[in-house]
Amino acid sequence: MSANPEAALPIRLNVDDSDSPSDVVDALFLGRFATGEQPYSHSSSIDRVKKGLTLLPPGATVLRAARDDDRSATLAEGEGWTLLVSRWNRGADVTVTAVSEELAAEVLKQSTDDAQDEPEPQPENVAMGFWYVSPRRGPHRTTRQIAAGTWEEVRANYTAPVADALDGLMKVTPDDISGRLLLLHGPPGTGKTSALRTLARSWRDWCQVDCVLDPERLFNDVGYLMDIAIGEDDGSAKGRWRLLLLEDCDELIRGEAKHTAGQALSRLLNLTDGLLGQGRNVLVGVTTNEDLERLHPAVVRPGRCLARIEVGPLTRAESSAWLGSDEGIGRDGTTLAELYALRRGAGPASVPAQERGVDAGLYL
């Protein structure tokens, strides 16, 4: 086998100053597959690679190695195969091309077997999935351990009517599910995201929680939607539920959504109680800053929502009790994000809205 992978490129490779060395390594890797010299390919993604592993199988010869600011790429070969390892932070993509499908599978197994590093779960953490469309891999899901307080620890972050409504939601079991849509609405900074993180912890024994990072794309891409509907359950037991979180979906569910979002709203509703959702234990959680009267009537019709909770600011008395002081608290009360800003010593008006609650753990 040639030690010069550039000789296998079937086309001329033109690069300019916008390309990185890693981009060149990616292109060189495709040469033997493109020419048919190695017509079989297998690949795998690893979220957290064990420390100290190179992901190179025995007998590998490194042909190229490149490191950029946030990624590294290694091109290696062996008898009848070529391998590309792309790494970022703790994650990696490993792809093998080979002269036979069996050899490609064997080399990939040698490279990735027992490479996944699973951190020890902490009592305050909950495993949460994150879905997004990758330019290279298409619909993709990764898992992270997310810190989340218990409901008892965070209950005081919510005004009394909201806390009472969330009391019941935190105790829900599969036997209690009567609707498939969970709707949290209200102004920014009131703690909607924090409530969902705590909900993920409260439900972790029976429900897998996944956050969709690009919800605006989800309901306009049928293939992506089907991947989400089928889902990945991390090896959980049969019958385990899934909660898909869609944050800040104002345009999708407001009153004029049918005109502005095309089929997106219909597909959302179909996932909750239509044919797409039939036979699948899927719940959909949506957060929005819209007022209830501006939401599409099909979203809030009776029987569709498991819970519909308006999350507002704490009253002046509740804010004073939370902060231990009246200083900086408005006559009409204060949002959770503003309270954390006051605790840091910054007045709420001096903190940009998009930055409020950063230290509070994303209380949005």
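Refer to the structure presented above.
Quick caveat, the model's predicted, so the values are computed rather than measured.

### Regarding the packing of aromatic side chains
- Throughout the structure, instances matching the rule amount to 3 aromatic pairs.
- Relative to Tyr158, the ring of Trp151 lies with its centre 5.9 Å away and its plane at 35°, an arrangement referred to as tilted. For the pair shown, Trp151 and Tyr158 are each scored as buried.
- For the ring pair Trp203 and Trp206, a centre distance of 4.8 Å and an interplane angle of 40° mean the geometry is tilted.
- The lysine or arginine in question, Arg343, covers the ring of Tyr340, its NZ or CZ lying 5.5 Å from the ring centre.

### Some details on helix α8 (residues 222–230)
- Among the residues making up α8, those that are buried are Tyr224, Leu225, Ile228 and Ala229. Taken down its axis, α8 places every buried residue within 135° of arc, on the same side.
- Capping the start of α8, Asp221 holds a side-chain oxygen 3.2 Å from the backbone nitrogen of Gly223, two or three residues further along.

### A look at helix α13 (residues 336–343)
- Among the 8 residues in α13, 7 count as buried, and that is most of the element.
- Of all the residues in α13, the buried ones are Leu336, Ala337, Glu338, Leu339, Tyr340, Ala341 and Leu342.
- Elements that come into contact with the buried residues of α13 comprise α12 (316–323).
- Within two residues after α13, Gly345 carries a phi angle of roughly 95°, on the positive side.

### A look at the sheet that holds strand β1 (residues 40–46)
- Strands sit in the order β1-β5-β4-β3-β2 across an open sheet of 5 strands; the sheet is antiparallel. Among the strands making up the open sheet, the edge pair consists of β1 and β2 (61–67). For this sheet the average axis-to-axis angle between neighbouring strands, irrespective of direction, equals 10°.
- The strands that helix α3 (residues 101–112) touches are β1, β4 (81–88) and β5 (91–98); relative to β1, the one it contacts most, it runs at about 20°.

### Remarks on the side chain of Thr193
- For Thr193, the location among the structural elements is in helix α6 (residues 192–202).
- A polar atom in the side chain of Thr193 sits 2.5 Å from the side chain of Glu247.

### A word on the environment of Leu218
- As for its position among the elements, Leu218 is in helix α7 (residues 215–218).
- A sequence separation of 87 residues divides Leu218 from Trp131, and the C-alpha atoms of the two residues are 9.6 Å apart.
- Sequence-distant contacts of Leu218, that is, excluding residues within four places in its chain, are made with Val212, Tyr224, Leu225, Ile228 and Leu246.

### Thoughts on the nonpolar core
- One finds Leu169 and Trp203 to be the most contacted residues of the largest nonpolar core, which totals 34 residues.
- Mapped onto this core, the elements with two or more residues apiece are β6 (125–134), α4 (151–154), α5 (160–170), β8 (181–185), α6, β9 (207–212), β10 (241–246) and β12 (305–310).
- Among the elements that take part in this core, α5 stands out by supplying 5 residues, more than any other.
- Apart from residues lying up to four places away in sequence, Leu169 is in contact with Leu182, Leu199, Trp203, Leu306, Ala307 and Ile309.
- Formed by 20 residues, the second largest nonpolar core is a distinct cluster that contains Trp131, Val133, Val212 and Cys249.

### Focus on the side chain of Ser111
- Within the secondary structure, Ser111 is located in helix α3.
- Judged by relative accessible area, which is 5%, Ser111 ranks as buried.
- At a separation of 2.4 Å, a polar atom in the side chain of Ser111 contacts the main-chain carbonyl oxygen of Leu55.
- For Ser111, the contacting residues outside a window of four places in its chain are Leu55, Leu56, Pro57, Leu83 and Val94.

### A few points about the sheet that holds β9
- Taken together, 7 strands build an open sheet; the order of strands is β7-β6-β9-β10-β11-β8-β12 and the sheet is mixed. Of all the strands in the sheet, the pair left with one neighbour each is β7 (138–147) and β12. Neighbour to neighbour, the strand axes of the sheet diverge by 20° on average, direction disregarded.
- Relative to β12, β8 runs parallel, the two being bridged by 5 bridges. Within β12, the residue paired with Leu181 across the bridge is Cys305.

### So, the pattern of salt bridges
- Summed over the entire model, instances satisfying the criterion amount to 9 salt bridges.
- Its salt-bridge partner being Arg217, residue Asp221 comes within 3.8 Å of it at the nearest N-O pair.
- Each of Arg155, Asp164 and Asp167 takes part in salt bridges that share partners, so that together they form one network.

### A closer look at the packing of α5 against α6
- Interaxial distance between α5 and α6 falls to 10 Å at its minimum, and their mutual angle equals 30°. Taken together, the axis directions place α5 and α6 in an arrangement best described as roughly parallel. Between α5 and α6 the crossing geometry is right-handed. Of the residues in α6, those in contact with Leu166, Leu169 and Met170 of α5 are Ala195, Thr198, Leu199 and Ser202.
- Here the residues of the contact of α5 with α6 sort into 5 nonpolar, 2 polar and no charged.

Conventions and cut-offs
- Residues numbered from 1 in each chain as written.
- Predicted model: local features only at pLDDT ≥ 70, side-chain atom pairs only at ≥ 80, totals over all residues.
- Heavy atoms only, no water.
- Phe/Tyr/Trp six-rings, centres within 6.5 Å; stacked < 30°, edge-to-face > 60°.
- Buried < 20%, exposed > 50% of the residue type's maximum accessible area, 1.4 Å probe, protein only.
- Lys NZ or Arg CZ within 6 Å of the ring centre and 35° of its normal.
- Helix = DSSP H or I, 4+ residues; strand = E, 2+ residues; numbered from the N terminus.
- Arc of directions from axis to C-beta.
- Polar contact = N/O pair within 3.5 Å; in protein donor to acceptor, adjacent residues only side chain to side chain.
- Contact = heavy atoms within 4.5 Å.
- Pairing = 2+ DSSP bridges.
- Axes fitted to C-alpha atoms, helices over the stretch in contact; angles between N-to-C directions.
- Core = buried A, V, L, I, M, F, W, Y, C linked by side-chain atoms within 4.5 Å.
- Salt bridge = Lys/Arg side-chain N within 4 Å of Asp/Glu carboxyl O.
- Parallel < 35°, antiparallel > 145°, perpendicular 65-115°, else oblique.
- Left-handed = near helix turned anticlockwise from the far one by under 90°.
- Nonpolar A, V, L, I, M, F, W, Y, C, P; charged D, E, K, R; others polar.

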